[in-house]
Amino acid sequence: MTTSNQGPSSVVLGAGLMGRLLAWQLARAGHRVTVFETGGADAQSSPARIAAAMLAPLAESAITEASVVEMGRHALTRWPQLLAQLSLPVFFQRTGTLILWHRQDAAEARRFAGQLQATNEKNPALPKVQALDAAGVKQLEPSLENRFAQGLYLPGEGQLDNRQLLAALLHELQALKVELHWNSPRTPQDFQPGATGQPDWLFDCRGLGASAQWGQLRGVRGEVARIHAPEVSLSRPTRLIHPRYPIYIAPKQDGLFVIGATEIESNDLSPPSVRSTLELLSAAYAVHPGFGEARILEIATQCRPTLPDNLPAVRHLGPRCLQINGLYRHGFMISPALLDVVLEFVNGQTTTLAASLDLRMETVA
């Protein structure tokens, strides 16, 4: 790793997940990096702070495109490499995803299973989905004995702890002497990369903060509960199929669970409604009755930056000015791929990885 002051200078706008990852890796590569963030160091304004941080390309294939699935597969290999470079520990596991449903939702489950099998046929590099009977569910999760007659297991999928990661990345930025400006909104128009006295590179990672410059962006609201349930034993992310409110339960360390479900087309950041909260917690209780005695630590909302096709994109605003956006609900699953595409472009002024991942690269006239 080099931190020479003779390296290129780079400005990163936004210090959410994508901004922190990119600033960190640029600094490790010898860039003199400056970060401008509208909010504070705690990332309260970032969707990454409330995410479940699941790395589930096969599970997500039911609602997304093949390119996102491939980026997710890339991330499952890349995240351990990135986490190994951090000074602080970050919880990470690859024990797969468990899919469950109640008897009345069997038709929806068959449809879902068919979508996963189609993905397996198109992408044989992904582990094959495994059908489970009641004994198979019990073997994976003994605490669910006699609660579900069937399930699906998606081996190899993973998760990490989002807040541990954001804190670890901040620690690295500080250790690398990255210049950090909190509560300091900036736009690409405030800089002229390559001009005298200006940075060599500019990277816009502001998410919905870039809406004025990227008019197609919209917010997709998510609502997530953080629950302390030491009496609940689940060892892997678990999803409950339901036609109206399918939920996910992501177990973290020390009895912490992140539970989410709702996805609303809205930029509204007001607190969750009573109805959505009741549905969320009731569905979790239906998976495991131990959640009835859990303690609610937090119920939070955020809006994920989303483009019309729900896919990410990288835009060239100029020869040395890039915008990275549209991560939607897949931020932790696809950010390593976007990171590697941008780093490849910075190093060689071209990228073959973007084409192999079918990542859209645009140029603004």
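Residues numbered from 1 in each chain as written. Predicted model: local features only at pLDDT ≥ 70, side-chain atom pairs only at ≥ 80, totals over all residues. Heavy atoms only, no water.

## Regarding the overall build of the chain
Here is step 1 of the chain: Regarding its fold elements, the chain presents 9 helices and 18 strands.
Here is step 2 of the chain: Against the globule reference of 21 Å for 365 residues, the chain gives a C-alpha radius of gyration of 21 Å, in line with a compact fold.
Here is step 3 of the chain: Overall size of the chain, expressed as C-alpha extent along the three principal axes, is 70 × 40 × 35 Å.
Here is step 4 of the chain: Here the chain holds 365 residues, and the buried ones make up 57% of them.
Here is step 5 of the chain: For the chain, the share of sequence-separated contacts (at least 6 apart) that also reach a separation of at least 24 residues comes to 75%. (Helix = DSSP H or I, 4+ residues; strand = E, 2+ residues; numbered from the N terminus. Rg over C-alpha atoms; globule rule 2.2 N^0.38 Å. Buried < 20%, exposed > 50% of the residue type's maximum accessible area, 1.4 Å probe, protein only. Contact = heavy atoms within 4.5 Å.)

## A few points about empty space enclosed by the protein
Here is step 1 of the chain: This structure, assessed with the given rule, holds 1 cavity of 30 Å³ or more.
Here is step 2 of the chain: Taken as a whole, the largest cavity holds about 40 Å³ of empty space.
Here is step 3 of the chain: When the residues that make up the lining of the largest cavity are grouped by side-chain class, the tally is 6 nonpolar, no polar and 1 charged. (1 Å grid on protein atoms, 1.4 Å probe; cavity = no way out; pocket = protein on both sides within 12 Å on 5 of 7 lines; lining within 4 Å. Points joined across faces, edges and corners; volume = space filled by probe spheres on them. Nonpolar A, V, L, I, M, F, W, Y, C, P; charged D, E, K, R; others polar.)

## Here's the deal with the sheet that holds strand S4 (residues 92-93)
Consider a sheet: its strands pair through backbone hydrogen bonds, and that pairing is either parallel or antiparallel.
Here is step 1 of the chain: With antiparallel pairing, the 3 strands of this open sheet are ordered in space as S3-S8-S4. Among the strands making up the open sheet, the edge pair consists of strand S3 (54-55) and S4.
Here is step 2 of the chain: Across 2 bridges, S4 lies against strand S8 (residues 158-160) in antiparallel orientation. Within S8, the residue paired with Phe92 across the bridge is Leu160. (Pairing = 2+ DSSP bridges.)

## Focus: the packing of aromatic side chains
Here is step 1 of the chain: Going through the model one piece at a time under the given rule, you end up with 4 aromatic pairs.
Here is step 2 of the chain: Geometrically, the ring pair formed by Trp201 and Phe203 is stacked, given 5.8 Å between the ring centres and 10° between the ring planes.
Here is step 3 of the chain: A relative accessible area of 3% places Trp201 in the buried class.
Here is step 4 of the chain: Taken together, a centroid distance of 5.2 Å and an interplanar angle of 85° make the contact between Phe257 and Phe291 edge-to-face. In this pair, Phe257 is assigned in strand S14 (residues 256-265) and Phe291 in the loop between helix H7 (274-287) and strand S15 (295-306), connecting sequence segments 34 residues apart.
Here is step 5 of the chain: On the basis of relative accessible area, Phe257 is assigned to the buried category, the value being 3%.
Here is step 6 of the chain: Every member of this aromatic cluster is reached through a ring pair, and the members are Trp201, Phe203 and Phe345.
Here is step 7 of the chain: Sitting above the plane of the Trp214 ring, Arg315 keeps its charged end 4.1 Å from the centroid. (Phe/Tyr/Trp six-rings, centres within 6.5 Å; stacked < 30°, edge-to-face > 60°. Lys NZ or Arg CZ within 6 Å of the ring centre and 35° of its normal.)

## A word on helix H4 (residues 106-122)
Here is step 1 of the chain: End to end, H4 covers 25 Å across 17 residues, agreeing with the expected 24 Å (1.5 Å per residue, within 8%).
Here is step 2 of the chain: Summarising the contacts, the buried residues of H4 are in contact with helix H2 (57-60), helix H3 (66-83), strand S5 (97-101), strand S7 (150-154) and strand S12 (238-241). (Expected span 1.5 Å × (residues − 1).)

## Focus on the pattern of salt bridges
Here is step 1 of the chain: Here the structure, examined in full by the defined rule, presents 14 salt bridges.
Here is step 2 of the chain: Measuring nitrogen to oxygen at the nearest pair gives 3.6 Å for the salt bridge that ties Arg221 to Asp268. In this pair, Arg221 is assigned in strand S11 (residues 218-228) and Asp268 in the loop between S14 and H7, connecting sequence segments 47 residues apart.
Here is step 3 of the chain: For Arg221, a relative accessible area of 4% gives the class buried. (Salt bridge = Lys/Arg side-chain N within 4 Å of Asp/Glu carboxyl O.)

## A word on the packing of H3 against helix H8 (residues 331-348)
Here is step 1 of the chain: Their axes nearest at 7 Å, the elements H3 and H8 cross at an angle of 80°. In terms of axis orientation, H3 runs roughly perpendicular to H8. The segment H3 lies against H8, with Val68, Met71, Gly72, His74, Ala75, Arg78, Trp79 and Leu82 engaging Phe332, Met333, Ile334, Ser335, Pro336, Ala337, Leu339 and Asp340.
Here is step 2 of the chain: For the contact of H3 with H8, the per-class residue count stands at 11 nonpolar, 3 polar and 2 charged. (Axes fitted to C-alpha atoms, helices over the stretch in contact; angles between N-to-C directions. Parallel < 35°, antiparallel > 145°, perpendicular 65-115°, else oblique.)

## Topic: unusual backbone geometry
Here is step 1 of the chain: The phi torsion at Asp254 lies on the positive side, around 60°, for a residue other than glycine.
Here is step 2 of the chain: Of note, Asp254 is situated in the loop between strand S13 (247-251) and S14.

## Details of the packing of helix H1 (residues 17-28) against H8
Here is step 1 of the chain: Closest axis-to-axis distance for the H1/H8 pair is 10 Å, and the angle between their directions is 40°. Pair H1 / H8 crosses with right-handed handedness. Note on element contacts: H8 touches H1 through Gly331, Phe332, Ser335, Leu338, Leu339, Val342 and Leu343, opposite Leu17, Met18, Leu21, Leu22, Gln25 and Leu26.
Here is step 2 of the chain: Across the contact of H1 with H8, the residue classes break down as 10 nonpolar, 3 polar and no charged. (Left-handed = near helix turned anticlockwise from the far one by under 90°.)

## Remarks on the environment of Ala294
Here is step 1 of the chain: Along the chain, Ala294 falls in the loop between H7 and S15.
Here is step 2 of the chain: Classification of Ala294 by relative accessible area gives buried; the value is 13%.
Here is step 3 of the chain: Between the alpha carbons of Ala294 and Ile227 there is a distance of 6.4 Å; along the sequence they are 67 residues apart.
Here is step 4 of the chain: Once residues lying within four places of it in the same chain are set aside, the contact partners of Ala294 are Ile227, His228 and Ala229.

Fair warning: the whole summary comes from geometry, so function is off the table for now.
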